[in-house]
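Report on the structure
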Amino acid sequence: CRPGIDCPWYPDPQGATHCTSSANFAGIYNLHETADKCCQEHFSAVNTNSCVQSSVDDVEAEKALVQENLDRPRYYWPDLHGKKNCVFDSAYDEWMEGQRNSYLFDTEAGCCGLWYPTKSDCPELESP
């Protein structure tokens, strides 16, 4: 999904008084279609308009981060929490760059051989 467009909105997990929208919403249950609905549901005691504006600003920062990630080199990497398979794209976690030899591979054989040697469908060819 695309943050702020078709990803769900939910209360900021760090406790800020606004909502956020990102592709990383696994395990979050208070999901809403719009920032306005999220702010009304969870932050009606504060100014809803400022909540919505702060939410939109937060998502703009998330969009910039997504674009930055799309501009990174593509590698085969183990999608440990999503597909539980190797994938080929640039959506890997930033911490993986610091441990490139164990997590980012130029070939599917490198990733699949280390992380999922018994999977017959490795790598997963669709993006996570």
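Residues numbered from 1 in each chain as written. Predicted model: local features only at pLDDT ≥ 70, side-chain atom pairs only at ≥ 80, totals over all residues. Heavy atoms only, no water.

**Considerations on the overall build of the protein**
Looking only at helices and strands, the protein features 4 helices and 4 strands. In the protein, the succession of helices and strands from N to C terminus is β-β-α-α-β-β-α-α. Its C-alpha atoms give the protein a radius of gyration of 18 Å, more than 25% over the compact-globule value 14 Å for 128 residues. In terms of principal-axis extent, the alpha carbons of the protein reach across some 55 × 25 × 20 Å. Taking all 128 residues of the protein together, the buried fraction comes to 33%. A separation of at least 24 residues holds for 46% of the contacts in the protein among residues at least 6 apart in sequence. Each charge sign in the protein was given a centre, from 9 positive and 21 negative side chains, and these centres are 5 Å apart. (Helix = DSSP H or I, 4+ residues; strand = E, 2+ residues; numbered from the N terminus. Rg over C-alpha atoms; globule rule 2.2 N^0.38 Å. Buried < 20%, exposed > 50% of the residue type's maximum accessible area, 1.4 Å probe, protein only. Contact = heavy atoms within 4.5 Å. Lys, Arg positive; Asp, Glu negative; His and termini not counted. Charge placed at Lys NZ, Arg CZ, Asp CG, Glu CD.)

**Regarding the environment of serine 44**
With respect to the helices, strands and loops of the structure, serine 44 is situated in the loop between helix 1 (35-42) and helix 2 (48-70). C-alpha separation for the pair serine 44 and serine 21, spaced 23 residues apart in sequence, amounts to 18 Å.

**Looking at the pattern of salt bridges**
It is possible for side chains of opposite charge to pair when their charged atoms get near one another. Taken as a whole and assessed by the stated rule, the structure comprises 4 salt bridges. In this structure, aspartate 106 and arginine 100 form a salt bridge, with 3.1 Å as the shortest nitrogen-oxygen distance. A salt bridge links aspartate 121 to lysine 119, with the shortest nitrogen-to-oxygen separation between them at 4.0 Å. Given a relative accessible area of 43%, aspartate 121 falls into the partly exposed group. Look at lysine 119 and you get partly exposed, because its relative accessible area is 32%. (Salt bridge = Lys/Arg side-chain N within 4 Å of Asp/Glu carboxyl O.)

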